[in-house]
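Inside the fold
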Amino acid sequence: MTVQEYRDKEQARLAANKKRMEEDGVIFVDIYSAYIDEEVVIEAGAVIANNVTLQGSTVIRAGARIGQSSVIRNSEIGEGTSVEASYIYDSKVGSDTTVGPFAYIRPGSVVGNECKVGDFVELKNATIGNGSKSSHLAYIGDADVGENCNIGCGVVFVNYDGAKKYRSKLGNDVFVGCNSNLVSPVEIGDGAYVAAATTVTESVPGDALCIGRVRQTVKEHWVKARRILKKDQ
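What you see is a predicted model, and the numbers here were worked out from it, not measured in a lab.

Moving on: the sheet that holds strand β19 (residues 143-145). Strands in a sheet are paired, the pairing made by backbone hydrogen bonds, and the direction either parallel or antiparallel. Strand order in the open sheet formed by 9 strands is β3-β6-β9-β12-β15-β17-β19-β22-β25, with parallel pairing between adjacent strands. Only two strands of the sheet have a single neighbouring strand rather than two, namely β3 (41-42) and β25 (187-188). Two strands pair when backbone bridges link them, and β19 and strand β22 (residues 168-170) are joined in this way by 3 bridges, in the parallel orientation. Bridge pairing in β22 links A143 to S168.

Following this line, the structure appears as structure tokens:
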């Protein structure tokens, strides 16, 4: 068998597999552009958009929608969950959750039900409790996030010190403000608030407000004085 004959045989086999899925109730936007490994399981009522790649032991539950150009490998996507233009590897995403666009869920991650993993959010070996949200531009690595938490824009879990990686834990109903850094290992208790632009280096008890930044200083007329000084030099 030539290389081309082998390729043609594989393409025909995969095409027949997709056709069987379609007959069983899977909805393909463009059945010819989707790449689906033979061992992938897709339940009836799931929608698979164009240019989607599903690999390995992936399971797509009923009512899920896998949007254009998403790549999912060895992962489970729950019922009613929407994945838009995102990459998910060796992880599990619950029901009625939204992922993306442009999210990256790396191996070892578990996302709960009714969560949001938004644009340019990266998870790595992290668990996200039911109802928790990280809408954009965050890195959550080696962390356990409780239920109904909010992770603001620009938040980074600082999990690596150059030699070893550490894990952090957030309780339920925790709010982490924008551009905060959580320097692992730290623990944030239930209901705590972390103010925007805070660097957290020690654990925070429940219901506490953590502020870790320099107090703002405004020097009026500073710019004008600087210009005059430079002009006189």
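To continue, consider the packing of aromatic side chains. Throughout the structure, instances matching the rule amount to 4 aromatic pairs. Ring plane angle 85° and centroid distance 6.2 Å describe the contact between Y87 and Y89, whose orientation is recorded as edge-to-face. On the basis of relative accessibility, which here comes to 37%, the residue Y87 falls in the partly exposed class. Owing to a relative accessible area of 14%, Y89 belongs among the buried residues under this scheme. Taken together, a centroid distance of 5.0 Å and an interplanar angle of 20° make the contact between F175 and Y193 stacked. One end of the pair, F175, is in strand β23 (residues 175-176); the other, Y193, is in strand β26 (residues 193-194), with 18 residues separating them in the sequence. Site record: aromatic cluster; members linked through ring pairs are Y87, Y89 and Y104. Note that R73 overlies the ring of Y89, its terminal NZ or CZ placed 4.4 Å from the centroid. When the ring centre of Y160 is taken as origin, the NZ or CZ atom of K165, which lies over that ring, is 5.7 Å away.

Let us now look at the side chain of S168. Structurally, S168 can be placed in strand β22. Only 2.7 Å separates the side chain of S168 from the side chain of S184, close enough to count as a polar contact. If near-sequence neighbours (up to four positions away) are discounted, S168 is found in contact with D142, A143, D144, F157, S184, P185 and V186.

Another aspect to go through is unusual backbone geometry. A negative phi angle characterises most non-glycine residues, just as the trans form characterises most peptide bonds. Cis geometry is adopted by the peptide bond preceding P101, which originates at G100 and carries an omega value of 5°. One can find P101 in the loop between β13 (98-99) and β14 (104-105). The amide bond that connects S184 to the next residue, P185, takes the cis arrangement and shows omega of 5°. Its place among the elements puts P185 in the loop between β24 (181-183) and β25. Even without being glycine, D96 reaches a positive phi, approximately 55°. Structurally, the position occupied by D96 is in the loop between β12 (92-93) and β13. Even without a glycine there, the phi angle at H221 is positive, about 65°. Turning to its location among the elements, H221 is positioned in the loop between β28 (209-210) and α2 (222-232). Owing to a relative accessible area of 63%, H221 belongs among the exposed residues under this scheme.

Our next topic: the pattern of salt bridges. In total, this model carries 8 salt bridges according to the counting rule given. R61 serves as the salt-bridge partner of E43, at 2.7 Å between the closest nitrogen and oxygen. With E43 in the loop between β3 and β4 (47-48) and R61 in the loop between β6 (59-60) and β7 (65-66), this pair connects stretches of sequence that are 18 residues apart. In this structure, D142 engages R167 in a salt bridge whose closest nitrogen and oxygen atoms are separated by 4.0 Å. Placement of D142 in the loop between β18 (133-141) and β19 and of R167 in the loop between β21 (156-158) and β22 is noted, with a sequence separation of 25 residues between them. What emerges from the salt-bridge pattern is a single network uniting K124, D142, D144 and R167.

What counts as what
Residues numbered from 1 in each chain as written. Predicted model: local features only at pLDDT ≥ 70, side-chain atom pairs only at ≥ 80, totals over all residues. Heavy atoms only, no water. Pairing = 2+ DSSP bridges. Helix = DSSP H or I, 4+ residues; strand = E, 2+ residues; numbered from the N terminus. Phe/Tyr/Trp six-rings, centres within 6.5 Å; stacked < 30°, edge-to-face > 60°. Buried < 20%, exposed > 50% of the residue type's maximum accessible area, 1.4 Å probe, protein only. Lys NZ or Arg CZ within 6 Å of the ring centre and 35° of its normal. Polar contact = N/O pair within 3.5 Å; in protein donor to acceptor, adjacent residues only side chain to side chain. Contact = heavy atoms within 4.5 Å. Salt bridge = Lys/Arg side-chain N within 4 Å of Asp/Glu carboxyl O.

Remember, this is a structural readout, not a statement about activity or role.
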